[in-house]
Amino acid sequence: CQRRPVIAIDGPAGAGKSTVTRLVAEKLGLTYLDTGAMYRAVTWLVVNSGLDLSAEAAIAELLSLAKIAIIPADSPENVTIVKINGQDVTLEIRSPAITAQVSRIAAQKAVRQQLVTLQRQLGMSGGIVVEGRDIGTNVFPEAELKIFLTATPEERARRRLKDLEAQGNGGISLTELTQEIEKRDYLDSNRSLAPLRKAADAIEVNTDNLSITEVTEKIIALYHQGEENQWGSL
Ligand code: CDP
Ligand code: CDP
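A brief structural summary.

Cut-offs used in this document
Residues numbered from 1 in each chain as written. Chains lettered and ligands numbered in written order. Predicted model: local features only at pLDDT ≥ 70, side-chain atom pairs only at ≥ 80, totals over all residues. Heavy atoms only, no water. Near = heavy atom within 4 Å. Polar contact = N/O pair within 3.5 Å; in protein donor to acceptor, adjacent residues only side chain to side chain. Areas by Shrake-Rupley, 256 points an atom, 1.4 Å probe, with all protein chains shown as cover. Helix = DSSP H or I, 4+ residues; strand = E, 2+ residues; numbered from the N terminus. Nonpolar A, V, L, I, M, F, W, Y, C, P; charged D, E, K, R; others polar. Salt bridge = Lys/Arg side-chain N within 4 Å of Asp/Glu carboxyl O. Buried < 20%, exposed > 50% of the residue type's maximum accessible area, 1.4 Å probe, protein only. Axes fitted to C-alpha atoms, helices over the stretch in contact; angles between N-to-C directions. Parallel < 35°, antiparallel > 145°, perpendicular 65-115°, else oblique. Left-handed = near helix turned anticlockwise from the far one by under 90°. Contact = heavy atoms within 4.5 Å. Pairing = 2+ DSSP bridges.

Thoughts on the site of ligand 1
Around ligand 1 sit 20 residues, and of these Arg 40, Arg 112, Asp 134, Arg 184 and Asp 188 come closest. Separating a nitrogen atom of ligand 1 from a side-chain N or O atom of Asp 134 is a distance of 2.8 Å. Look at ligand 1: alone it shows 530 Å² of surface, and the protein chains cover 98% of it. With four residues, helix H2 (residues 35-49) is the largest single contributor of residues to the shell around ligand 1. Here the shell around ligand 1 is composed, by residue class, of five nonpolar, five polar and 10 charged.

Regarding the pattern of salt bridges
Evaluation of the coordinates by the stated rule reveals nine salt bridges. Asp 188 is the salt-bridge partner of Arg 191, the closest N and O atoms lying 3.6 Å from each other. A single burial state applies to Arg 191 and to Asp 188, both of which are buried. Several salt bridges converge on common partners, so that one network encompasses Arg 133, Asp 188 and Arg 191.

Observations concerning the packing of H2 against helix H3 (residues 56-65)
The relative placement of two packed helices is expressed as an angle between their axes plus a distance between the axes. Where H2 meets H3, the closest approach of the two axes is 11 Å, and the angle between their N-to-C directions is 110°. Here H3 runs roughly perpendicular to H2, going by the angle between their axes. Judged by the twist between their axes, the crossing of H2 over H3 is right-handed. Where H2 approaches H3, its residues Val 42, Leu 45, Val 46 and Ser 49 are matched on the opposing element by Ile 59, Leu 62 and Leu 63. A breakdown of the residues in the contact of H2 with H3 according to their chemical character gives six nonpolar, one polar and no charged.

Some thoughts on the side chain of Arg 191
By the secondary structure assignment, Arg 191 is in the loop between helix H8 (174-190) and strand S8 (203-206). Since its relative accessible area comes to 10%, Arg 191 is described here as buried. Beyond its immediate chain neighbours, meaning those up to four positions away, Arg 191 contacts Ala 106, Ala 107, Arg 112, Arg 133 and Leu 196.

Focus on the sheet that holds strand S7 (residues 145-150)
Strand order in the open sheet made by the five strands is S2-S6-S1-S7-S8, with parallel pairing throughout. Only two strands of the sheet have a single partner each, and these edge strands are strand S2 (31-34) and S8. Averaged over all pairs of adjacent strands, the angle between their axes in this sheet comes to 20°, without regard to strand direction. The pairing of S7 with S8 spans four bridges and is parallel. By the bridge assignment for S8, Phe 148 is matched with Glu 204.

The structure is reproduced here in C-alpha cells:
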C-alpha cells in the first residue's frame, strides 16, 4: 500500500496557517492537524497545575502523567480537538493568557519530545496536512510538500485583532498586539530546539496581499503539480 502524502505548513502567528490548512485539507480530502493546539494544551495544563513555568523537570513529570488525547479534524468546521485528562480544552487553549505563555513551554525539551512523538504517530500513514512551526524542518522532514507562509507583523496583527474583536476579546491596541506577535516570533525563532524556520525545500508564500482563497488555491495548485511530478522537485 502506497504511503499517502504529508503537507507541512509552517510560519509565524497570524500568517493564515490554521485557516488555509483547514481549507486545503477539505479540498484535498485529507486530515488536518494543528500542532499549535498541542503546545497550547500543555501550557493550559501547566498554568492550571500552579507549577512555575520554568520548572522544567516538574513540568516533564506532570506531562508524563497526563493523558493527552488529540483528535485531528477531518472536516473544515472541525478544529483539532484536544483533551487533557479527559477534559475538552479545545476552546480554553485559545485564551490570551495561554497565548502569552505558550512559547515558554514550547521551548522545553521534554515537552517537544513528547508532542513530536505524538505528531509523528498521528501522521504516520500520511494523508494529512500538518501546521505548526517545525513541521517541515523537524517533525516531517520528508513531507512531500512544504509551505512556509509569511506576512508582515503589522498585517498579521491586523488579522489577529479582527479575530479577537469577533470573540469579544478586543480591548488591545494594534501596536500592543504587533509587539506581542513580534515577541512570540522572536522566542519561537531563537529557541535552541526546532526553532521556527523555513525548511530549505519549503516554498515561501507571502500572504500580505493574498486572500484566503488565493492562498488556498496556490497551495492546491502546488500539490497537484507535485503529484504529477511524483513528488520530484517543484
Ligand atoms: O495560532 P497561532 O499562530 O497564534 O499559534 P499556534 O499555531 O497555536 O502556536 C502556538 C505556539 O505553539 C507557538 O507560538 C509556538 O511557541 C508553539 N508551537 C511550536 O513550538 N511548534 C509547533 N509545531 C507549533 C506551535
Ligand atoms: O494559524 P495562523 O496563526 O497562522 O493564522 P490564522 O489563525 O489561520 O489566521 C489569522 C486570521 O487571518 C484569520 O482570521 C484569517 O481569516 C485571516 N487571514 C486573512 O485575512 N488572509 C489570509 N490570506 C490568511 C488569513
